[in-house]
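The lines below spell out each chain.
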Amino acid sequence: AAELPPPYTAIASPDASGVPVINCRVCQSLINLDGKLHQHVVKCTVCNEATPIKTPPSGKKYVRCPCNCLLICKDTSRRIGCPRPNCRRIINLGPVMLIPEEQPAQPALPVQPEGTRVVCGHCGNTFLWMELRFNTLAKCPHCKKISSVGSALPRRRCCAYITMGMICIFIGVGLTVGTQDFARHFRATYVSWAVAYLLGLVCLIRACYWGAIKVSYPEHTFA
């Protein structure tokens, strides 16, 4: 379970030399605040993580991800995502609590996200899929490619497009055979032939797309 950040210190205490310093909230190293007191957060030179030295801006709050990334979000946010490529956690925040403006905003406790871990059909990496149903399209956050979660959706769509494509082609053939004499006098009849064949071709192309789409399979579901 993720740990809450330690209480934030709004005013740093000077060290023996009179230079204001503060302890890093991740590794506890001293951070020199000389010339940085106008900032809301400072970065530790040892662990490179951010530590707040002031209360967040109005309407904002601090939340620290389990990977130690300090996030700033709206105080009404209920769900945020970690931007780090090697984390990408979805953090569900608890009910919003009213906190006096003079007090530092306290982050809500991150809880275990609800969803399904899916193995990408393109790159093989695992990512969290928040939809509560399968047979949908998902975009992998690692390779940025689209795949189908489960094989039922592409199979169903492929069959539907093949059926529609064949119907359109049969209609086009029927029009071609049945209206040949009529088309010699009314050239606009050729347009109906072209539309029928074109719709059939488009449907068959879409059937090929759904037949070749990669499929990502769920790994397990959180209880």
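Treat the numbers as computed from the prediction; the structure is a model and nothing was measured.

Caption draft 1: Representation of the nonpolar core. In this structure, Val63, Cys65, Cys69, Leu71, Cys73, Ile80, Cys82, Cys87, Ile91 and Leu93 together form the largest nonpolar core, which totals 10 residues. Setting aside its immediate chain neighbours within four residues, Cys73 contacts Gly59, Lys60, Lys61, Val63, Ile80 and Leu93.

Caption draft 2: Region of interest: the environment of Thr176. Residue position: Thr176 is located in helix 1 (residues 152-178). Of the residues examined, Thr176 reaches a relative accessible area of 18% and is grouped as buried. Sequence separation between Thr176 and Thr189 is 13 residues; the distance between their C-alpha atoms is 9.1 Å. Excluding its chain neighbours within four sequence positions, the residues that come into contact with Thr176 are Trp193 and Tyr197.

Caption draft 3: A look at the environment of Arg117. Mapped onto the fold, Arg117 is located in strand 10 (residues 116-119). Along the chain, Arg117 and Glu219 lie 102 residues apart, while their C-alpha atoms are 5.3 Å from each other.

Caption draft 4: Representation of helix 3 (residues 189-212) in the model. If you check helix 3, its first and last C-alpha atoms are 36 Å apart, about what 24 residues at 1.5 Å a residue would give, namely 34 Å. Those residues of helix 3 that fall on the buried side of the exposure criterion are Thr189, Trp193, Ala196, Gly200, Cys203, Ala207 and Trp210. Along its buried surface, helix 3 packs onto strand 12 (136-139), helix 1 and helix 2 (180-185).

Caption draft 5: Just unusual backbone geometry, in detail. Despite not being glycine, Gln28 shows a phi value in the positive range, around 70°. Mapped onto the elements, Gln28 comes out in the loop between strand 2 (20-23) and strand 3 (30-32).

Caption draft 6: Focus on the UniProt feature "transmembrane region" (unreviewed entry) in the protein chain. On the UniProt side, "transmembrane region" (unreviewed entry) is annotated at positions that read residues 160-178 and 190-212 here. Here residues 160-178 is 100% helix and 0% strand, with 27 Å between the C-alpha atoms at its ends. In this annotation, residues 190-212 is assigned 100% helix and 0% strand; the end-to-end C-alpha distance for the span is 33 Å.

Caption draft 7: Molecular detail of the packing of aromatic side chains. For the coordinates displayed, the defined rule picks out two aromatic pairs. Arranged with centres 4.9 Å apart and planes meeting at 90°, the rings of Tyr190 and Trp193 form a pair that is edge-to-face. With Tyr190 and Trp193 both in helix 3 and three residues apart, the pair spans about one turn of that helix. A residue is classified by how much of its surface remains accessible, and Trp193, at 13% relative accessible area, is buried. On the numbers, 5.4 Å between centres and 75° between planes, the contact of Tyr209 with Trp210 is edge-to-face.

Caption draft 8: Representation of the environment of Gly172. When you line up the elements, Gly172 lands in helix 1. When the C-alpha atoms of Gly172 and Ser192 are compared, they prove to be 7.8 Å apart, with 20 residues separating the residues in sequence. In this view, Gly172 contacts Ala196 and Tyr197; residues no more than four positions away in its chain are not counted.

Caption draft 9: Structural context of the pattern of salt bridges. Enumeration over the complete set of coordinates arrives at one salt bridge. The salt bridge partner of Glu49 is Arg84, with a shortest N-O separation of 2.7 Å. Of the two residues, Glu49 sits in the loop between strand 4 (41-43) and strand 5 (50-52) while Arg84 sits in the loop between strand 8 (79-81) and strand 9 (90-92), which places them 35 residues apart along the sequence.

Caption draft 10: View of the pairing of strand 2. Here three bridges tie strand 2 to strand 3, and the two strands are oriented antiparallel to one another. Residue Ile22 lies in a different strand from strand 3, and its bridge partner there is Ile31. Linkage of strand 2 to strand 3, two consecutive antiparallel strands, is achieved through a turn of six residues, within which Gln28 is found at a positive phi near 70°.

The rules we used
Residues numbered from 1 in each chain as written. Predicted model: local features only at pLDDT ≥ 70, side-chain atom pairs only at ≥ 80, totals over all residues. Heavy atoms only, no water. Core = buried A, V, L, I, M, F, W, Y, C linked by side-chain atoms within 4.5 Å. Buried < 20%, exposed > 50% of the residue type's maximum accessible area, 1.4 Å probe, protein only. Contact = heavy atoms within 4.5 Å. Helix = DSSP H or I, 4+ residues; strand = E, 2+ residues; numbered from the N terminus. Expected span 1.5 Å × (residues − 1). UniProt positions renumbered as here; feature names shortened; annotations may be inferred. Phe/Tyr/Trp six-rings, centres within 6.5 Å; stacked < 30°, edge-to-face > 60°. Salt bridge = Lys/Arg side-chain N within 4 Å of Asp/Glu carboxyl O. Pairing = 2+ DSSP bridges.

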